[in-house]
Amino acid sequence: MSAVPLPMPATLARPEPTDEAGSGRATRGPRAGAGSRGQLVDRFGRVHRDLRISLTDRCSLRCTYCMPEQGVEWLAKSSILTTDEIVRVAEVLASLGIVEVRLTGGEPLLRRDIVDVVRRISAIEGVSGPLEVSMTTNGLKLPELADPLRDAGLTRVNISIDTLRPDRFAELTRRDRLDDVLDGIRAARRAGFSPLKLNAVPMRGVNDDELVDLVQFAIDNGAQMRFIEQMPLDAGHTWSRTEMVGADEILDRLTRRFTLTPIGERGSSPAQDYLVDGGPTTVGLIASVSAPFCGACDRVRLTADGQLRNCLFAREESDLLPLLRGSHGRGPADDDALADLLRRSIAGKRAGHGIDDPGFLQPQRPMSAIGG
Ligand code: SAM
Ligand code: SF4
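Here the structure is a predicted model, which means the values were calculated and not measured.

**Let's talk about the overall build of the protein chain**
Phase 1: Per the secondary structure count, the protein chain includes ten helices and 14 strands.
Phase 2: Carbon and sulfur atoms form 49% of the exposed surface of the protein chain, whose accessible area is close to 15900 Å².

Take a look at the structure:
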């Protein structure tokens, strides 16, 4: 299919810290205690630096691999973390060595105070400077929010787009909104987010004939393409390993059309990146199932209802709500108690997600309630 190129981006400059009234950004002097609580290290020596925060389990789409069409069991409104609570957890985690935060969901842009959330988190001083804040979004609200988010300190955006065909998009997401996603991609480019990454989950017989088209779309639109192996995190528990389109197969199909040159080692990054036809476009393959990167995992997740998850596939969670809000007649706990719980949660992290283990059980929560 022929893809319509979107306009060229302006350069995104991260706003300088300032204390000017009305600037909307806090001054970032060194924060007492930043990094002073040591690091978040697990039994296998993995040091945790990357925090994913799910801001809501609500969403404007209903992707088949993520949410059910109807009958979603929403998290109780009263359990959803306030912005003050999120900022507090992020501050304590920053003092434990977290340096990057990715905002996700559900759809993070549905959170009404999203610009404020970005502004406040990106004002937190980590061990090596202000926290780096990025976002994964379906892009629908970017036309109105891309500029304010950039001004609030958001540095990078990943936009999910699984197909370029309107009828297919409507079927796959159960909403007829491909044009709105394309508008969102345009807005992100105009706002200067760079690199702009596009995420797609290939599914057999659904969109796996569009791999080349999606990469071509990324080339035509100055974006980077990333393909994510479908994981057993759908609400309907219908995932099947044999049906999954694996990274090897994706690579094989793409190399029939493009010359892909591997870029460096994957490290703690989930994606193995390749230059497409010599660049500058890249394609990243996220082989979470077929070639897990658990050994280098440095991620920890905070759900919208205040549960710390040390793995996407964790079956246990650490409930931060009682410490944040107080319980059994006790008031809220202090930062040291919070840090202790966070440390204990990470210490108990398993070696790997275990999808291939005979006893593997899919987490109760669907992806929309964990945060991808
Ligand atoms: N709503 C936003 C979006 O779609 O970008 C953010 C949340 S979504 C859960 C984050 C990412 O997880 C998206 O790129 C989505 O494609 C991916 N995802 C959701 N369910 C998945 C699954 N079962 N396997 C692999 N990736 C999945
Ligand atoms: Fe919503 Fe993102 Fe899940 Fe799709 S993948 S249903 S956009 S949370």
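**Quick notes on the side chain of glutamate 85**
Phase 1: Inspection of the secondary structure puts glutamate 85 in helix H1 (residues 83–95).
Phase 2: Once residues lying within four places of it in the same chain are set aside, the contact partners of glutamate 85 are Ile80, Leu324 and Arg325.

**A look at the confidence of the model for the protein chain**
Phase 1: Per-residue pLDDT for the protein chain has a mean of 88; in total, 90% of the residues score no lower than 70.
Phase 2: Between residues 1–34, whose pLDDT stays under 50, and residues either more than four places distant or in other chains, the model counts 68 contacts.

**A closer look at the state of the cysteines**
Phase 1: For the coordinates displayed, the defined rule picks out zero disulfides.
Phase 2: Note on cysteine 311: no disulfide assigned, nearest cysteine sulfur contributed by cysteine 294 at a separation of 6.2 Å.

**Structural notes on unusual backbone geometry**
Phase 1: A cis amide bond links serine 194 to the next residue, proline 195, at an omega of 0°.
Phase 2: Counting through the fold element by element, proline 195 comes out in the loop between helix H5 (178–190) and strand S7 (196–200).

**Here's the deal with the pattern of salt bridges**
Phase 1: Under the definition given, this model contains 27 salt bridges.
Phase 2: For glutamate 316, the salt bridge is made with arginine 350, and the minimal N-O distance between the two is 2.7 Å. Here arginine 350 lies in the loop between helix H9 (335–347) and helix H10 (367–370) and glutamate 316 lies in the loop between strand S13 (307–309) and strand S14 (318–319), a separation of 34 residues in the sequence.
Phase 3: When the shortest N-O distance is used, the salt bridge between arginine 343 and aspartate 340 registers 3.0 Å. On the criterion of helical spacing, the pair formed by arginine 343 and aspartate 340 is a turn pair, its members being three residues apart in helix H9.
Phase 4: With a relative accessible area of 29%, arginine 343 lands in the partly exposed category.
Phase 5: Each member of the salt-bridge network shares a partner with another, and the members are Asp50, Arg52, Asp298 and Arg299.

**Considerations on the environment of proline 195**
Phase 1: Under the relative-accessibility criterion, proline 195 is labelled partly exposed at 31%.
Phase 2: Distance from proline 195 to valine 157, taken between C-alpha atoms, is 7.9 Å for residues 38 residues apart in sequence.
Phase 3: In this structure proline 195 touches Arg156, Val157 and Gln224, once residues within four positions along its chain are discounted.

**A look at the packing of helix H3 (residues 142–152) against H5**
Phase 1: Following both chains from N to C, one finds H3 and H5 inclined at 20°, their axes separated by 8 Å at the closest point. Judged by the angle between their axes, H3 and H5 are roughly parallel. As H3 runs across H5, the sense of the crossing is right-handed. In this structure, H3 uses Leu142, Pro143 and Ala146 to contact H5, whose residues at the interface are Asp183, Gly184, Ala187 and Ala188.
Phase 2: Residue composition of the contact of H3 with H5, grouped by class: five nonpolar, one polar and one charged.

**Description of the site of ligand 1**
Phase 1: For ligand 1, the set of nearby residues contains 19 residues, the closest of which are Tyr65, Gly106, Glu107, Ser160 and Met231.
Phase 2: Here a nitrogen atom of ligand 1 sits 3.1 Å away from a polar atom, N or O, in the side chain of glutamate 107.
Phase 3: Asparagine 199 is positioned with one of its side-chain polar atoms (N or O) 3.2 Å from an oxygen atom of ligand 1.
Phase 4: Contact with the protein chains covers 95% of the free accessible surface of ligand 1, which is 550 Å².
Phase 5: Here the shell around ligand 1 is composed, by residue class, of seven nonpolar, ten polar and two charged.

About the cut-offs
- Residues numbered from 1 in each chain as written.
- Chains lettered and ligands numbered in written order.
- Predicted model: local features only at pLDDT ≥ 70, side-chain atom pairs only at ≥ 80, totals over all residues.
- Heavy atoms only, no water.
- Helix = DSSP H or I, 4+ residues; strand = E, 2+ residues; numbered from the N terminus.
- Areas by Shrake-Rupley, 256 points an atom, 1.4 Å probe, with all protein chains shown as cover.
- Contact = heavy atoms within 4.5 Å.
- pLDDT = per-residue confidence, 0-100.
- Disulfide = S-S within 2.5 Å.
- Salt bridge = Lys/Arg side-chain N within 4 Å of Asp/Glu carboxyl O.
- Buried < 20%, exposed > 50% of the residue type's maximum accessible area, 1.4 Å probe, protein only.
- Axes fitted to C-alpha atoms, helices over the stretch in contact; angles between N-to-C directions.
- Parallel < 35°, antiparallel > 145°, perpendicular 65-115°, else oblique.
- Left-handed = near helix turned anticlockwise from the far one by under 90°.
- Nonpolar A, V, L, I, M, F, W, Y, C, P; charged D, E, K, R; others polar.
- Near = heavy atom within 4 Å.
- Polar contact = N/O pair within 3.5 Å; in protein donor to acceptor, adjacent residues only side chain to side chain.

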